[in-house]
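Close look at the chain arrangement
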Amino acid sequence: MVYINLLPIKEIKQHAKAVQELTLFAVCLIFVLSALAVVGFYQASTAANLEKEIQALNAEKKRYEDILAQIKKLEQDKKLIENQIAVINRLKKTSALTVHILDEVANLTPTKRLWLSSLNQSGMSVSIAGMALDNQTIASYMETLKTSPYIADVNLISSSLQAYAGRNLKSFNLSCAIIVPAEAEDELTAQVQQQ
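Worth saying up front: this structure is predicted, and the values here are computed from it rather than measured.

In the structure shown here, the tally under the stated rule is two aromatic pairs. A ring pair is formed by Trp-115 and Tyr-164, whose centres lie 5.8 Å apart and whose planes are at 50°; its orientation type is tilted. In this pair, Trp-115 is assigned in strand S1 (residues 114-122) and Tyr-164 in strand S3 (residues 151-164), connecting sequence segments 49 residues apart. Taking the centre distance of 6.4 Å and the plane angle of 65° together, the rings of Tyr-141 and Phe-172 count as edge-to-face. Of this pair, Tyr-141 sits in helix H2 (residues 135-146) while Phe-172 sits in strand S4 (residues 167-178), and the two are 31 residues apart along the sequence. Across the pair, Phe-172 and Tyr-141 agree in class, each one buried. The aromatic ring of Tyr-64 is capped on one face by Arg-63, whose charged end is 5.3 Å from the ring centroid.

Have a look at this one:
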């Protein structure tokens, strides 16, 4: 006797295989979705922590803004004070230099043949006006002034004949540049620092 199997085994096997593949796909999909959920939760947690950290840093930055503003103001005040101190020191040096210039001019001026009527210092130049007996005395005086370590570039601006006390004398105007020799500058700096 012959048995015929009428059951659709091929279809059942295909159906079982399809169910198995669908189950495997569903399990993989659930695993992937779970992994994505875990990664997403971790990233959301990290982002929330970073956001909290940013807020804390911004709050701390605001706390320090007042201190930074005070530091900037103090730096500006410091620069202003340093500039004022530099001006004061320059004025002290200039006043000490003026004393040296007056001393040099007084020591180098011959008393019997020449006298000065005015001496004006403007910055690093000096104008000298006076009377002399003759042109040779003026020329000699100019050469003598050039020997000073504080005076350079002695130039005759004008010379004219002028009657004074019944005598014809030479009126003159000189222009001189002021220089500060190295040793004198050290000495002036030391004097300024002592004051």
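On to the nonpolar core, then. By size, the foremost hydrophobic cluster in this structure holds 19 residues, and its most contacted members are Ile-101, Ile-128, Tyr-141, Leu-145, Ile-151, Phe-172 and Leu-174. Broken down by secondary-structure element, the contributors of at least two residues to this core are helix H1 (9-108), strand S2 (125-132), H2, S3 and S4.

Scoring rules and cut-offs
- Residues numbered from 1 in each chain as written.
- Predicted model: local features only at pLDDT ≥ 70, side-chain atom pairs only at ≥ 80, totals over all residues.
- Heavy atoms only, no water.
- Phe/Tyr/Trp six-rings, centres within 6.5 Å; stacked < 30°, edge-to-face > 60°.
- Helix = DSSP H or I, 4+ residues; strand = E, 2+ residues; numbered from the N terminus.
- Buried < 20%, exposed > 50% of the residue type's maximum accessible area, 1.4 Å probe, protein only.
- Lys NZ or Arg CZ within 6 Å of the ring centre and 35° of its normal.
- Core = buried A, V, L, I, M, F, W, Y, C linked by side-chain atoms within 4.5 Å.

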